[in-house]
Amino acid sequence: MSTTPTIGVLALQGDVREHLKALADAGSTARPVRRPEELDEVDGLVIPGGESTTMSKLAVAFGMLEPLRAFVRAGRPVYGTCAGMIMVADKLLDGREDQETLGGIDMIVRRNAFGRQNESFEAAVEVAGIDGGPVEGVFIRAPWVESVGASADVLATYGGHTVAVRQGNVLATSFHPELTGDHRIHALFVDMVRAVLTEGRD
């Protein structure tokens, strides 16, 4: 029996609408999440691109930081894109002193590593576990991963830098797949969420 997971998109800041559409097209029920109690209503969560320091401050202001950390620690599936990758990193380089992350992936991420807004670009990226050829990566003030721990798996590199990582039920990409119309990475995440739901019913 096919399971249709409900996946939230953290809607504090960033490109929420695009993720909601991509998740729906990839076979899930998608909804925005702004309050702690709404985390109990979703099977997985996307943390979108945006501005990571602003997102961090808003998570604190809305009382979301600790509930989000608990969501990750509980092994619930989470996918972070761009600023979302920064949010799920255990450690940051070039972060503000007061910048908070959720953790979840044993990696060190460098903010804005690929350059400023006017240096944004698109590139074909081969992603492990994604069939059908490379995905088109949209890099907008994108971070890259400086290093990963033994428990994290590198899924993609570009220009010699790690740009996609998975550790357990947490997935992260430097780039924005939600902006391209190619929803294969979202489908991968939906499958991750569906697998957790199936395990819970066994």
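Please read all numbers here as calculations on a predicted model, not as lab measurements.

> With reference to specific residues and values, describe the packing of aromatic side chains.
Applying the stated criterion to the full structure yields nine aromatic pairs. Taking the centre distance of 5.0 Å and the plane angle of 85° together, the rings of Phe114 and Trp144 count as edge-to-face. One end of the pair, Phe114, is in the loop between β6 (105–110) and β7 (121–125); the other, Trp144, is in strand β9 (residues 144–148), with 30 residues separating them in the sequence. Each member of the pair Phe114 and Trp144 is classed as buried. Measuring from centroid to centroid gives 6.4 Å for Phe114 and Tyr158, while their planes differ by 50°, and the two rings are tilted. With Phe114 in the loop between β6 and β7 and Tyr158 in strand β10 (residues 153–158), this pair connects stretches of sequence that are 44 residues apart. For Phe114, a relative accessible area of 16% puts it in the buried group.

> So what's going on with the layout of surface pockets? Which residues, and what values?
Roughly 180 Å³ of internal volume is contained in the largest pocket. Along its surface, the largest pocket is lined by 13 residues, and Gly50, Glu51, Cys82, Ile140 and Arg141 are the ones closest to its centre.

> Any chance you could break down the pattern of salt bridges for me, citing the residues and the numbers?
Side chains that differ in sign of charge can pair as their charged atoms come close. Enumeration according to the criterion identifies eleven salt bridges in this entry. Of the charged contacts, one joins Lys21 and Asp25 as a salt bridge, the two residues approaching to 2.7 Å between their closest N and O atoms. Remark: Asp25 and Lys21 occur in helix α1 (residues 16–25); sequence separation between them is four residues, near one turn of the helix. Since its relative accessible area comes to 53%, Lys21 is described here as exposed. The class for Asp25 is partly exposed, based on a relative accessible area of 45%. Arg31 is the salt-bridge partner of Glu41, the closest N and O atoms lying 3.1 Å from each other. Residue Glu41 is located in the loop between β2 (29–33) and β3 (44–47), and its partner Arg31 is located in strand β2; the two are separated by ten residues in the primary sequence. Classification of Arg31 as partly exposed rests on a relative accessible area of 32%. What you see here is one network of salt bridges that share partners, running through Arg35, Glu37 and Glu38.

About the criteria used
- Residues numbered from 1 in each chain as written.
- Predicted model: local features only at pLDDT ≥ 70, side-chain atom pairs only at ≥ 80, totals over all residues.
- Heavy atoms only, no water.
- Phe/Tyr/Trp six-rings, centres within 6.5 Å; stacked < 30°, edge-to-face > 60°.
- Helix = DSSP H or I, 4+ residues; strand = E, 2+ residues; numbered from the N terminus.
- Buried < 20%, exposed > 50% of the residue type's maximum accessible area, 1.4 Å probe, protein only.
- 1 Å grid on protein atoms, 1.4 Å probe; cavity = no way out; pocket = protein on both sides within 12 Å on 5 of 7 lines; lining within 4 Å.
- Points joined across faces, edges and corners; volume = space filled by probe spheres on them.
- Salt bridge = Lys/Arg side-chain N within 4 Å of Asp/Glu carboxyl O.

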